[in-house]
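Residue-level listing of the chains:
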There are 4 protein chains.
Amino acid sequence: MAIERQLEPAAGRRLRLGMVGGGQGAFIGAVHRIAARLDDRYELVAGALSSDAERARVSAADLHIAPDRAYSSFTEMAEREAQRPDGVDVVAIVTPNHMHAAPAIAFAERGVHVICDKPLAHNLDEALALADAVNRSGVIFGLTHNYTGYPMIRQAREMIASGDIGKARVVQVEYAQDWLSTPLEASGQKQAAWRTDPEKAGAAGAVGDIGTHAFNLAEFVSGALCESLAADLSRMVPGRALDDNAHMLLRFEGGARGALWASQIAPGAENALRLRVYGETGGLEWSQEEPNSLLFAALGKPPQRITRAGPGALPVAAHATRVPSGHPEGYLEGFAQIYRDLAEQIAARIDRRPPDPASLLTPGLAEGVRGMRFIAAAVSSSACDAAWTRIEG
Amino acid sequence: MAIERQLEPAAGRRLRLGMVGGGQGAFIGAVHRIAARLDDRYELVAGALSSDAERARVSAADLHIAPDRAYSSFTEMAEREAQRPDGVDVVAIVTPNHMHAAPAIAFAERGVHVICDKPLAHNLDEALALADAVNRSGVIFGLTHNYTGYPMIRQAREMIASGDIGKARVVQVEYAQDWLSTPLEASGQKQAAWRTDPEKAGAAGAVGDIGTHAFNLAEFVSGALCESLAADLSRMVPGRALDDNAHMLLRFEGGARGALWASQIAPGAENALRLRVYGETGGLEWSQEEPNSLLFAALGKPPQRITRAGPGALPVAAHATRVPSGHPEGYLEGFAQIYRDLAEQIAARIDRRPPDPASLLTPGLAEGVRGMRFIAAAVSSSACDAAWTRIEG
Amino acid sequence: MAIERQLEPAAGRRLRLGMVGGGQGAFIGAVHRIAARLDDRYELVAGALSSDAERARVSAADLHIAPDRAYSSFTEMAEREAQRPDGVDVVAIVTPNHMHAAPAIAFAERGVHVICDKPLAHNLDEALALADAVNRSGVIFGLTHNYTGYPMIRQAREMIASGDIGKARVVQVEYAQDWLSTPLEASGQKQAAWRTDPEKAGAAGAVGDIGTHAFNLAEFVSGALCESLAADLSRMVPGRALDDNAHMLLRFEGGARGALWASQIAPGAENALRLRVYGETGGLEWSQEEPNSLLFAALGKPPQRITRAGPGALPVAAHATRVPSGHPEGYLEGFAQIYRDLAEQIAARIDRRPPDPASLLTPGLAEGVRGMRFIAAAVSSSACDAAWTRIEG
Amino acid sequence: MAIERQLEPAAGRRLRLGMVGGGQGAFIGAVHRIAARLDDRYELVAGALSSDAERARVSAADLHIAPDRAYSSFTEMAEREAQRPDGVDVVAIVTPNHMHAAPAIAFAERGVHVICDKPLAHNLDEALALADAVNRSGVIFGLTHNYTGYPMIRQAREMIASGDIGKARVVQVEYAQDWLSTPLEASGQKQAAWRTDPEKAGAAGAVGDIGTHAFNLAEFVSGALCESLAADLSRMVPGRALDDNAHMLLRFEGGARGALWASQIAPGAENALRLRVYGETGGLEWSQEEPNSLLFAALGKPPQRITRAGPGALPVAAHATRVPSGHPEGYLEGFAQIYRDLAEQIAARIDRRPPDPASLLTPGLAEGVRGMRFIAAAVSSSACDAAWTRIEG
């Protein structure tokens, strides 16, 4: 029960948050808002929630944003907020992929910290430009590869870094869903429509939408960079323009080999992100749908089930949790952890103090660019019939 | 993905929330605050967080409560808030069991709605007095039997009410933990200390602390009242004054039989609340530690795993969830559901409109009194060597 | 892979086996035969497979029993086999409950070892008489409480005996099935018919049929005798003469408390025998439907999953298994283990050598009498409205 | 309980069985013998259990084989048994891979039916020669790809053939073990030694030993042939001559894509063979370590758990099982099913009657040759840096 103190983070500055995108009917915007609220480190005070003025206005009112801070243009919002003494400290960008770069740059250049949904941008060039601009600005940039906020993912990463499984040999990662098993986009379903449209989603479908999460998690936990891949992307639903299923062989620096499977056409799979890493002396296994535990097998010993906040949980896991073991946490808490950690980083910057080191695991520009390189390599490899393709950078 | 609209409840009045108890170092107070924040229907504006003035002041500052609304006396708080035009709409009472009644009555009598932690009171007499006073006041009263906020618990209740398993025959409920396997109270651990102290916890230990949750869930889901029980309470850790383990036989109206096991000395059990109900034509099984699914076996058909927001999920489950299936929700979301539903009830009262009927499943005074009757019956039965004892009311 | 040597027991005498009961259409007789064959320590050479002469003859022919050793009377079989120089070494009695005693005594008195299906007899008096007669004869007597043949059950017993969980505090045992959820006996189904008929099954239904297994397992694993019980037996299917569901409170010598649930009307439960034992410093959990592993939680350490033949498996488990870990063994192997161990005991007796000590865990007369005492106590307690009733002996 | 009649197959001819290989200390020979005994359709009467005369003699005595039928040369055994009026009907060949072909041909040419361990031969050429010779002889040839004997594997195959998941799109198969995580062969461990020695195991290590099982299962269940693969074989343990880990991309006729992972260096994996097949309208999932159930998800409906002999089990599953649902069967029963089905085929041939059609699912020469083509393609692809390689035939 020593975990109790984690329920709420150390009292501290509550940041003024703005949001771009996420008006009525949006999905991920609402997730971001819950995540921001959960630990009480943010107050939503401004928004360009839609480019449609009326929708922007109504959406803002729903969220108790003052009328004078309800914008329909992110440019105007960036300018006006920058001039206010009580302007936003940080902005959350929750627009579709092809509209991340412009607002991120606009706010960063005005000194506003940025939290951006993944993937970083529409394509690699845009991502590099965004990274450049943001890097020059010096603001803090968080990318919501939210699955890295799960306590047991951080525990797994720490255990591997500490040598608990020895040198990594095999990395198996998969992310399966079933919601695109039929041509749902033809029905006008909004989430399906933009994700299957190359104009809005970019060059990849399942690979970009969920494959990037799997890839990010594999590197985050194993601590090894993937050097090259051989990818076989397929479009199983007739008429679909982008991949809805992808298989890849992976080769990691240091010699580990692996496989990645991303699919949105696997009936029965809801959000089945699963990671397994095997090393010389042990193995680890984690599943997003039961995120509160981690299976750990030391070679020659009975496998253990380590639970969030239970025996064997490390400080990195304790840092990322709120309630005692046995009280399950889930997706929203994991997402909120990214927000909580970024709040600490931003508050520390404002207060000119060093941040809590435990808060520094959040993904950012580097991971964002890496994700774009992954997509580019996967598409390129598949176009060459699964030829081995290096992931640069 | 039709579930998306559930991410945030219909925009609405944000209620002004006060809190009694829950200062620095408290556990359940922080849980209540997260639950209140999650769906953005409450703003914490006042508190009597501690009877120690300095601790009350500092705790309030941590929570961004204005200094003039940081009280150290709930009586003063009730009086002063009732006079303010922007006084609290609702108060959350998160003090130890023996200090629920007085503040609940104080606020209720001034027209402030009440959310109270369970169990309702220190003993049955006090509970009945509290219920009387609150009933006379006419305010809305919510009791945080939080496990009834889980979507799949509501699904189970609805399925049974709809006849999906036929007439209930067997109810098996258990709630096991291991954190009191050693005399932790002797170490000064605060949570252990008050729960094992008859002065503060009342006549029962595990039975009151977690047995009441199990009992509440059994009645809530089965839809049948438990008429009598035969209880064998034991104190396994030497020197302990209250039961830390309890076994009971149960008899329900309508003829169902059952068993209840509550234990805080079961090594390996974290928060293992589990319910199974078997009827003439089917069975249901649910476990709190994996709350996102419900096992349903119709006699003679392959058992199904129904997931929160997945195929087969009913509107009552959809009402009580935020994110799509496969994105696990947990303890905090279940707790927040109680707060969300009470917000709807209270806002409807203020706005003089009928509440959303889906919000009306929250436990209240009746369930609170029933829990106290359960404790009294269990203690009495055990004192008579597990004699059958009626649960009145 | 050191486990390999266990595939087949040390080469040895192959015993001549006779069988009473188990003709065409019988269930448990065929199970006994498979169990006897599996490890190649028995050769079926004689049988009184039915009291119907023609059925006895045909059944014997099916099983490659020579015509002159196919009897229709167990009395005749006992006499004739006793006179043959190549007469049976051991007889398996697989008749319904009320026909165990007479053949068991007939063979025992002629020096033939006996393997008898459970429960031992029709009622306690008959059981005591049987035990007396067999004890006087000095033959080896095995009772097929087959679940004690599972490797991980023996592992659990050994771990508890070794102090791995400290002094036992709580024993939870349950055995649930669903096949009698409807009045199947009315359809003429043979297995249902005799089990629900007091003339053939005795004074108890589910309690005798499966409750005895649960009770036996609880005592076998915990190493503690159950001193008294308070039982609530119910008949859920209208018109049924015997209990089809039973709940009991248990009190063990040494202070442990427990509960037993036996049910044949739990939809979705196939053969759900499950045992949990919690002690001062650890807990163990086992489920018959996934018998190849045992969950072990040492207080304050991550719980372990110990697998049959995997890391942490003890010699008592290794003794009772055939194939490496990960190659699941099941019900038939567990049953065969009883036969394998009895073969060793009997062969050692014939060969005038000490038996392998690892083979001595088989249940026998004492466990059989104890099972009958359990049934008597349960029925008596329930008749007195769940009054506490001592289990004598 | 209609399943009861399956406990023992229809009474019938008991076949005279010979064995080549499998002397003292061998692993798979003992498994074959248990499998042959389980259903009582074979009697072991002759053997060339070892090429060492003394070891052959002693091993035979252990198994109750008459001294004059204990050979040390399979050639002599084939000749002498062919001349006896009571000579063996069928021979089981359980020698290492490189010694399958010669005895198989020797017996087949004398009209003795053959049961052969997998993989079929040392290399593809040898396999083709063996297949040719056996085909010319006209005898029945069974290959012990034993996992096809599991009831739920046959159920899965039948469900797919019946259209229950629509056209197959994705096939995920994996087979992971951990017992070669260290250089066990250096310790002289016999099983490790020959499996890692190219002279004895052939061109592949893990791919040949377990990858062939995974490949066989993928084709058997999906009903689709794998047309080409891209393989990345690795040797993770320093100094090892053959692959101990392999990843492959798969392309099936009809358009399905898949991945295969075979590893013997995955700590915590015991014998983790797992298959998942996803089609247009449903998905199936099966794991060898919990073989008694099959997960079936029809798109848009709650997933079902179909159990061996439980509701939803098809006749093909019922055919391949012995005990009621809830009584787990395992590896030995699955292996025995191959033997049982081959007994039926061979007995029918001898008795000049048509065999039970349900017995015809056993793998044979075609599957054996296919396995060798798989190995050849995998090794060849990996040598070309995972180039796509067609699997001929």
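Residues numbered from 1 in each chain as written. Chains lettered and ligands numbered in written order. Predicted model: local features only at pLDDT ≥ 70, side-chain atom pairs only at ≥ 80, totals over all residues. Heavy atoms only, no water.

Here we look at the domain arrangement of chain A
All names here are of chain A. The criterion, for reference: Where each domain begins and ends follows an automated or database-derived domain assignment. Any pair of residues with heavy atoms lying within 4.5 Å of one another is described as a contacting pair. Buried surface area refers to the total accessible area, computed with a probe of radius 1.4 Å, that the two partners give up upon joining, counted for both partners together. We define a salt bridge as a side-chain nitrogen of Lys or Arg found within 4 Å of a carboxyl oxygen belonging to Asp or Glu. We call two N or O atoms a polar contact when they sit within 3.5 Å, provided that within protein one can donate a hydrogen and the other can accept it, with sequence-adjacent residues counted only if both atoms are side-chain atoms. Each residue gets one of three labels, nonpolar for Ala, Val, Leu, Ile, Met, Phe, Trp, Tyr, Cys and Pro, charged for Asp, Glu, Lys and Arg, and polar for the others, Gly among them.
If you check the domain split of chain A, you get domain 1 (15-144 + 339-362) and domain 2 (167-279 + 369-390). Computed over C-alpha atoms only, the centres of domain 1 and domain 2 are separated by 27 Å. Across the contact, 18 residues belong to domain 1 and 16 residues belong to domain 2. Carbon and sulfur atoms supply 64% of the area buried between domain 1 and domain 2, which totals about 1,300 Å² over both sides. For the domain 1 face of the interface with domain 2, the top three residues by lost area are Lys118, His122 and Leu124, together amounting to 36%. Across the contact surface, domain 1 and domain 2 share zero salt bridges. Between the two partners, domain 1 and domain 2, sit two residue pairs in polar contact (both at pLDDT 80 or more). Classifying every residue of the side of domain 1 that touches domain 2 gives ten nonpolar, six polar and two charged.

As for the pattern of salt bridges
Selection criterion: Numbered from the N terminus, helices here are DSSP runs of H or I no shorter than four residues, and strands are runs of E no shorter than two. Note on classification: 1.4 Å probe, protein chains only; a residue is buried when its accessible area is under 20% of the maximum for its type, exposed when over 50%, partly exposed between these limits.
Evaluated as defined, the whole model comprises 112 salt bridges over all chains. A salt bridge links arginine 13 of chain A to aspartate 351 of chain A, with the shortest nitrogen-to-oxygen separation between them at 2.7 Å. Of the two residues, arginine 13 of chain A sits in the segment before strand 1 (15-20) while aspartate 351 of chain A sits in the loop between helix 11 (331-350) and helix 12 (365-383), which places them 338 residues apart along the sequence. For aspartate 351 of chain A, a relative accessible area of 32% gives the class partly exposed. Close ionic contact of arginine 69 of chain C with aspartate 86 of chain C constitutes a salt bridge, the shortest N to O distance being 3.6 Å. Here arginine 69 of chain C is found in the loop between helix 2 (53-62) and helix 3 (74-83), whereas its partner aspartate 86 of chain C is found in the loop between helix 3 and strand 3 (90-93), with 17 residues between them in sequence.

Points about the interface of chain B and chain A
Interface size is often expressed as the accessible area that is lost when the parts come together. If you look at the interface, chain B gives 46 residues, while chain A gives 46 residues. With both chains or domains summed, chain B and chain A bury close to 4,000 Å², and 59% of this area falls on carbon and sulfur atoms. The interface formed by chain B and chain A includes two salt bridges. Across the pair aspartate 40 of chain B and arginine 37 of chain A runs a salt bridge, and its minimum N-O distance is 3.6 Å. The tally of links between chain B and chain A comes to 13 residue pairs in polar contact (both at pLDDT 80 or more).

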